[in-house]
Amino acid sequence: MRAENIALLTGAVSLLLLLGALGFQYIGGLPPCEMCHWQRWAHIATIIFGLGGGALVARGVVAQGHARSLAMLAILFIVISGLIGAYQAGVQWHILPGPHACTGPRYIIGSGAPSSVVRCDIASFILFGLSLAGYNAVFSLVAAALAGFALWRRA
């Protein structure tokens, strides 16, 4: 498989995962937490380097020699999203400490009323024991492993 195709497929996986997250948010009514946004930013970078870069190489706008670097950047960012998802799953299982900004109860100063911060340590959706962050970790890391293997095999 050519390096630009590996980049394109990696970007496509991130696009599907990001669209799924947006579907859960806007159709399913599940607002994202701070760590969810971190995962989304990594997917956006994967889409830019994977789909954008791969398409530019395929059209001849970017030299073929850069295809491998673009594929490696796409793989790097999908790994980052997967690792953040794994970390958040660990926070949700109360194995790992989470960021102070979105774990534990939060209150509006002086009122005693809970704030509207979406908590990172509580899974709002669980299927077969995994939260959305856990599924992001699994799909992202498997896609990265397959893409990395294909890129390594190409070399």
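Our structure is the block above this text.
An account of the accompanying structure is given in this report. Residue positions are given per chain, counting from 1 as you read along its sequence in written order. In keeping with the model being predicted, local features are shown solely for residues with a pLDDT of at least 70 and side-chain atom pairs are shown and tallied solely at 80 or more, while totals for entire chains, interfaces and linings include all residues. Side-chain measures here rest on the full set of heavy atoms in the structure, leaving out hydrogens and waters.

1. Focus on the packing of aromatic side chains
Pairing of aromatic rings covers Phe, Tyr and the six-membered ring of Trp, with a centre-to-centre limit of 6.5 Å; geometry is then stacked below 30 degrees between planes, edge-to-face above 60, and tilted otherwise. With the rule as written, the count across this model stands at four aromatic pairs. With 5.7 Å between their ring centres and 40° between their planes, Phe149 and Trp152 make a pair best called tilted. Of this pair, Phe149 and Trp152 both sit in helix H4 (residues 132–154), separated by three residues, roughly a single helical turn. The exposure class of Phe149 is partly exposed, given its relative accessible area of 45%. Secondary structure is summarised from DSSP: a helix means a run of H or I of at least four residues, a strand means a run of E of at least two, and numbering begins at the N terminus for each. The buried label goes to any residue with under 20% of its type's maximum accessible area, the exposed label to any with over 50%, and the partly exposed label to all in between, with areas taken from a 1.4 Å probe on protein chains only.

2. Description of unusual backbone geometry
Non-glycine residue His94 carries a positive phi angle of around 60°. Summarising the element assignment, His94 is placed in the loop between helix H3 (67–92) and strand E1 (126–127). A positive phi angle is found at Phe128, which is not glycine, with a value near 55°. The residue Phe128 is located in the loop between E1 and strand E2 (130–131) in this model.

3. Details of the packing of H3 against H4
Two packed helices can be described by the angle between their axes and the distance between those axes. To obtain an axis, a line is fitted to C-alpha atoms, over the contacting stretch when the element is a helix, and the angle between two such axes runs from 0 to 180 degrees between their N-to-C directions. Where H3 contacts H4, the axes come no closer than 7 Å and their chain directions differ by 155°. By the criterion of interaxial angle, the relationship of H3 to H4 is roughly antiparallel. Crossing handedness for the pair H3 and H4: left-handed. Roughly parallel covers angles under 35 degrees, roughly antiparallel covers those over 145, roughly perpendicular covers 65 to 115, and oblique covers all other angles. In this scheme the crossing of two helices becomes right-handed for a clockwise turn of the near helix relative to the far one and left-handed for an anticlockwise turn of less than a right angle.

4. Here's the deal with the nonpolar core
Grouped together as the largest cluster of nonpolar side chains are 13 residues, with contacts concentrated most on Ile6, Ala71, Ile75 and Leu151. Of all the secondary-structure elements, those providing two or more residues to this core are helix H1 (3–26), H3 and H4. Per-element accounting of this core gives the leading share, five residues, to H3. In what follows, a contact means two residues having at least one pair of non-hydrogen atoms within 4.5 Å. Contacts of Ile75, omitting those with residues within four sequence positions, involve Ile6, Thr10, Ala144, Ala147, Gly148 and Leu151. Only buried residues count toward a nonpolar core, which is a set of Ala, Val, Leu, Ile, Met, Phe, Trp, Tyr and Cys residues joined through side-chain atoms within 4.5 Å.

5. Points about the pattern of salt bridges
What makes a salt bridge here is a side-chain nitrogen of Lys or Arg within 4 Å of a carboxyl oxygen of Asp or Glu, nothing more. Evaluation of the coordinates by the stated rule reveals two salt bridges. Here Arg2 makes a salt bridge to Glu4, at a shortest N to O gap of 2.6 Å.

6. Section: the environment of Leu18
The topology assignment puts Leu18 in helix H1. Taking the C-alpha atoms as reference points, Leu18 and Ile44, 26 residues apart in sequence, are found 7.9 Å from one another. Dropping the residues within four chain positions of it, Leu18 is found in contact with Arg40, His43, Ile44 and Ile47.

7. A short note on helix H2 (residues 34–58)
The span expected for a helix works out to 1.5 Å for each residue beyond the first. With 25 residues, H2 should reach 36 Å at 1.5 Å per residue; the first-to-last C-alpha distance of 35 Å fits that figure. Those residues of H2 that sit buried are Met35, Gln39, Arg40, Ala42, His43, Ala45, Thr46, Ile47, Gly50, Gly53, Gly54 and Val57. Where H2 is buried, its residues touch H1, H3 and H4. At the C-terminal side of H2, Gly60 shows a positive phi close to 85°.

8. Some words on the side chain of Gln92
Here Gln92 is to be found in helix H3. With relative accessibility at 13%, the residue Gln92 sits in the buried group. Polar contact is the term for a pair of N or O atoms within 3.5 Å; when the atoms are in protein, one must be able to donate a hydrogen and the other to accept it, and sequence-neighboring residues count only if both atoms are side-chain atoms. Within polar-contact distance, the side chain of Gln92 engages the side chain of Ser131 at 2.5 Å. When residues no more than four places from it in sequence are discounted, the contact partners of Gln92 are Cys120, Asp121, Ile122, Ala123, Ser131 and Ala133.

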